[in-house]
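# Summary of structural features
Residue-level listing of the chains:
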Amino acid sequence: MGRPRARERKNYMLLTLQLIPMAVMFALTYLAYQTFGPPRLKLVYTEAEKAAWDDLVKQPLGTWFTITNVLGTLTSIATAYLFFIGSSKLFGWWSLLCCVTIWLGALVTNGLTRRIIRLPRVAARLGTPDLTGSILASVFWDDTVPARATASLIRWISLFNIGALIWLDFSLFARISTIILGLNSRWAASGILVVTCLVIFHFTIRYGLRGFVFADLFQSPALAISTAVLFLGCLYVAAKAGLGFSLSQTITLMTPVLPATACVFFALHVTFLNLIQVAVTEPHWLRMWAFREKETQFQVVSLLATAALWLVLVSIGFLAYRLTGGKVGEAAIAQLLKVMLGYSPVFVVAFWCAGIAALFASADTLIYSFLLVYDFNPSNGKLRSEIVAKLHPSLTASVAAAFFLIVYFVIDYWGLPFAKIMFVLIPFCLNAFPAFALEAFDREPRPALTVVSLILYMACAANGFLKPESELLWTLAASFVPVAVAFIGVAFGKRRGTWTAANV
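Let me begin by describing the structure that accompanies this report. (Residues numbered from 1 in each chain as written. Predicted model: local features only at pLDDT ≥ 70, side-chain atom pairs only at ≥ 80, totals over all residues. Heavy atoms only, no water.)

Our next topic: the packing of helix 14 (residues 329–341) against helix 15 (residues 345–375). Running from amino to carboxyl end, helix 14 crosses helix 15 at an angle of 145°, the nearest separation of the two axes being 7 Å. Pair helix 14 / helix 15 crosses with left-handed handedness. Contacts between helix 14 and helix 15 involve I333, L337, M340 and L341 from the first element and P345, F347, V348 and F351 from the second. Of the residues contributing to the contact of helix 14 with helix 15, the split by class is eight nonpolar, no polar and no charged. (Axes fitted to C-alpha atoms, helices over the stretch in contact; angles between N-to-C directions. Helix = DSSP H or I, 4+ residues; strand = E, 2+ residues; numbered from the N terminus. Left-handed = near helix turned anticlockwise from the far one by under 90°. Contact = heavy atoms within 4.5 Å. Nonpolar A, V, L, I, M, F, W, Y, C, P; charged D, E, K, R; others polar.)

This is how it looks when you write it as structure tokens:
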């Protein structure tokens, strides 16, 4: 009787130890919102409010706004934090390419962005207090049928991509939380998903752009510092366990688990994705409207900081494989924390602090972008002001939580692997690239190219689900499609006429 009770007390203490830092991070985030972001009755900005915001952004603090928002948005809980810790060993040293290509993506992002904002109609929208200029679809809009069709397609691509990424963040956080906390229950995961969704949606809608931008000043450094503590903890545990780091051992540690073919496809996949994704996603254009020239001026620095953080996460992933006896994925993360807890609870606290920070810092920007894109009317190229003008935070959060929970149950019921879903959902934004490339290189809009890209992309993704023997190759190959279609469109597209003020 004594041992079971002692084990129960130990499990209860472990659960409490991990829940406390989660609660503290939520509380500190709430204080950050309260301190820096007063509640707003609407998400749109008046001319006076935008002028005051622009004056604030011009200060040195605006530089930190930019850097912390870029780092936080790109280092999401699902697509970076958990993926690198759990799966870096699968691709071995090829995983380092993620860090290199995201940094090089700054050059591509700035190059494409500058080609776009030289268009008078785009520059005019970005220079007004109207939030329409912060929406990617508005880049393609003018009063012609092809342009309106393109804007409508880009709007739906953005809505699906943003919604999918938000759902993925909450779902994977709930899933990994139940595994680590020892609550292996569908209902426990549902509860965590609903609670986190309600809290983050409510905060974002209640405090708006100013709220989550100021909150990122807290979340992104918390993410970076906690990740550094976790990395140092891995090194400490490895040293205590007597694990060496000779050249041969390091090479072995970085050797991929997956075959060479899969690694090459992964390399091509992340290269296309990381070079292009920032330019064709909504948060970048929201920052272009909010931070103006600082978004391009500090893009290289922001993505260098992101690459450095990713490098630390990849290194943790390599060490996790070694410290857990060869485990990968969710099992590796859970076992790693168990091993590290035997040395100090500080490392477990650091994991949860970083995890909550990653969840908040990426989800809030995506939620705000989703609301704006949903409100965009491709018929006239303006916001309808039905959604962004006034929202009920609790009601909107409840609807979102209910919808995400239903999708989570459907995915769980069908037993679809989250890893495969992630490789399909994350690069979906690349389907906006054909239209983006046409615009950047002065070609006439051709919505049919975007449709072709979508059809071929989904065909590759479906093939990956239907053919288990080559699922990874087909899933990764899907990201090649939009780039190929964009190249063909630019090479053979008809050059458009000169834009005038009438096109604005």
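Still more to cover.
Turning next to the pattern of salt bridges. Evaluation of the coordinates by the stated rule reveals eight salt bridges. The partner of K50 in a salt bridge is D54, with the nearest N and O atoms 2.7 Å apart. Here K50 and its partner D54 are both found in helix 2 (residues 47–57), four residues apart, which amounts to about one turn of the helix. The class of D54 is buried, set by a relative accessible area of 14%. Of the charged contacts in the structure, one is a salt bridge between E295 and R287, with a shortest N-O distance of 3.0 Å. (Salt bridge = Lys/Arg side-chain N within 4 Å of Asp/Glu carboxyl O. Buried < 20%, exposed > 50% of the residue type's maximum accessible area, 1.4 Å probe, protein only.)

Compared with an ideal rise of 1.5 Å per residue, which puts 13 residues at 18 Å, helix 21 (residues 480–492) spans 19 Å between its outermost C-alpha atoms and is within 8% of the ideal. Burial in helix 21 covers these residues: F480, V481, P482, V483, V485, A486, G489 and V490. (Expected span 1.5 Å × (residues − 1).)

Turning our eyes to something else, we now look at the environment of I333. Here I333 shows up in helix 14. Residue I333 is classed as buried on the basis of its relative accessible area, which comes to 2%. Sequence separation of I333 and I180 is 153 residues, and the distance between their C-alpha atoms is 7.8 Å. Contact partners of I333, with chain neighbours within four places excluded, come to L82, I85, G86, I176, I180 and F351.

By themselves these figures say nothing about function.
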